[in-house]
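Take a look at the letters that make up each chain.
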Amino acid sequence: CLPANQERFVDGRLSTVQFHPSAQVVMTAGQDRSVSLFQVDGIKNPKIQSIFLESFPIYKACFSVNGEQVIATGTHHRMFFVYDMMSGSITPIEKVRGMEERFLRSFELSPDGSLMLLTGTSGYLHLLSMKTKELISTMKVNGRCTASAFTPDSSKIYSYSKEGEVFIWDVRSRKCLHKFEDEGSLEGKCMALSKNNQYVACGSSSGVVNLYTTDTCLKENKPKPVKAIMNLVTAATCVTFNPTTEILAVASREVDEAVKLV
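It should be emphasised that the depicted structure is a prediction, and the values quoted were computed from it without experimental measurement.

A. Molecular detail of the overall build of the protein chain. Looking only at helices and strands, one finds one helix and 23 strands in the protein chain. Restricting the contact set of the protein chain to residue pairs at least 6 apart, pairs at least 24 apart contribute 40%. For the protein chain, the accessible surface area stands at approximately 13,200 Å², while carbon and sulfur atoms represent 50% of it. Within the protein chain, the 27 negative side-chain charges are centred at a point lying 4 Å from the centre of the 29 positive side-chain charges.

Put into structure tokens, the structure is as follows:
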């Protein structure tokens with residue numbers, strides 16, 4: 001196929017590429033402070049539009065679950081932007097009341113579309129209402145949180161710490177239900193939960209991706225992985241399951257072409 005964004009390549013690095021949840025559209029966002037949308041047909045991939053966020057290199061951008069909004073965080077900013085695709089308006093969320101953070105980068109959206117989880121510094125996790133963008137509650141892991149994921153039913157959150165521990169939270173009560181150690185992890189980097197809630201994948205700085213069944217993660221403090229994927233030789237920075245839980249993609253951004261399908 002043609003490059004998805006061939007009508008507008010970015011100056012500098014792309015930080016996000018994402019398909020729209022329901023339309024034949026792909027979004028790219030990156031260090032050149034732009035978010036672009038393309039109609040993906042595989043033949044021409046025409047550009048729909050680009051928006052620019054002044055002096056705001058984008059760290060991460062993400063479609064809302066209903067596909068009506070794009071949320072974007074910057075590389076060194078405490079604010080984030082909400083772009084409404086229906087009205088075309090761009091709303092800066094300058095400060096969230098009750099949340100003291102120097103900058104906000106990583107975030108996750110719950111599959112039911114109601115919540116946004118912002119990763120703060122020093123292990124703080126801030127749960128926001130997707131509707132109002134107001135703070136609901138704050139949770140804290142030991143050490144620094146490097147990755148988080150909602151379960152497919154949005155009832156629990158898995159948080160992976162830099163120290164290689166995974167904390168499982170109950171979304172409703174915001175209590176920690178359980179924690180376990182990721183086997184052999186020197187530094188936690190990324191994680192993913194499969195859509196059928198059967199597997200948890202944890203990727204670490206050594207390039208090893210451990211695959212666990214969710215049952216063992218909820219019961220044991222030192223669960224044994226079903227499989228340890230050793231194909232990457234540099235830090236695993238991205239893991240994701242395909243929608244039918246038949247394929248796991250593991251990747252490292254530290255070297256070219258370090259993408260493996262398992």
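Moving on from the coordinates now.
B. A look at the sheet that holds strand β9 (residues 107-109). Taken in spatial order, the four strands make up an open sheet running β9-β10-β11-β12, and their pairing is antiparallel. Edge positions in the sheet fall to β9 and β12 (135-140), since each has one partner strand and no second. Direction aside, the axes of adjacent strands within the sheet are offset by 20 degrees on average.

C. Local environment of the UniProt feature "repeat: WD" (unreviewed entry) in the protein chain. Per the UniProt record, "repeat: WD" (unreviewed entry) is annotated on residues 149-179. Annotated as 0% helix and 58% strand, the span residues 149-179 places its first and last C-alpha atoms 14 Å apart.

D. Spotlight on the packing of aromatic side chains. If you walk through the whole model with that rule in mind, you get three aromatic pairs. When the ring of Phe 56 is compared with that of Phe 81, the centres are 4.8 Å apart and the planes differ by 85 degrees; the resulting orientation is edge-to-face. Taken as a pair, Phe 56 in the loop between β4 (47-52) and β5 (58-63) and Phe 81 in strand β7 (residues 80-84) lie far apart in primary sequence, 25 residues in all. Comparing Phe 56 with Phe 81, the two get one shared label, buried. Taken together, a centroid distance of 5.6 Å and an interplanar angle of 65 degrees make the contact between Phe 180 and Tyr 212 edge-to-face. Pair noted here: Phe 180 is in strand β16 (residues 176-181) and Tyr 212 is in strand β19 (residues 209-213), with a separation of 32 residues, a long-range link. Over the ring of Phe 107 we find Lys 60; its NZ or CZ atom is 4.8 Å from the centre of that ring. The ring of Tyr 124 is capped by Lys 140, whose NZ or CZ atom sits 5.3 Å from the centre of that ring.

E. Seen up close, the pairing of β16. When strand β15 (residues 165-170) meets β16, the two strands line up antiparallel, connected through five bridges. Considered in β16, the bridge of Trp 169 is made with Cys 176. Here β15 folds back onto β16 in antiparallel fashion, the turn holding five residues, of which Arg 174 has a positive phi close to 60 degrees.

F. Local environment of unusual backbone geometry. At Ser 55, a position not held by glycine, the phi torsion is positive, near 40 degrees. Among the structural elements, Ser 55 can be located in the loop between β4 and β5. Even without a glycine there, the phi angle at Glu 257 is positive, about 60 degrees. Relative to the assigned elements, Glu 257 resides in the loop between β22 (248-251) and β23 (259-261).

G. Summary view of the environment of Ile 43. Within the fold, Ile 43 resides in the loop between β3 (34-39) and β4. Taking the C-alpha atoms as reference, Ile 43 lies 6.6 Å from Leu 2; in sequence the two are 41 residues apart.

Conventions used here
- Residues numbered from 1 in each chain as written.
- Predicted model: local features only at pLDDT ≥ 70, side-chain atom pairs only at ≥ 80, totals over all residues.
- Heavy atoms only, no water.
- Helix = DSSP H or I, 4+ residues; strand = E, 2+ residues; numbered from the N terminus.
- Contact = heavy atoms within 4.5 Å.
- Areas by Shrake-Rupley, 256 points an atom, 1.4 Å probe, with all protein chains shown as cover.
- Lys, Arg positive; Asp, Glu negative; His and termini not counted.
- Charge placed at Lys NZ, Arg CZ, Asp CG, Glu CD.
- Pairing = 2+ DSSP bridges.
- Axes fitted to C-alpha atoms, helices over the stretch in contact; angles between N-to-C directions.
- UniProt positions renumbered as here; feature names shortened; annotations may be inferred.
- Phe/Tyr/Trp six-rings, centres within 6.5 Å; stacked < 30°, edge-to-face > 60°.
- Buried < 20%, exposed > 50% of the residue type's maximum accessible area, 1.4 Å probe, protein only.
- Lys NZ or Arg CZ within 6 Å of the ring centre and 35° of its normal.

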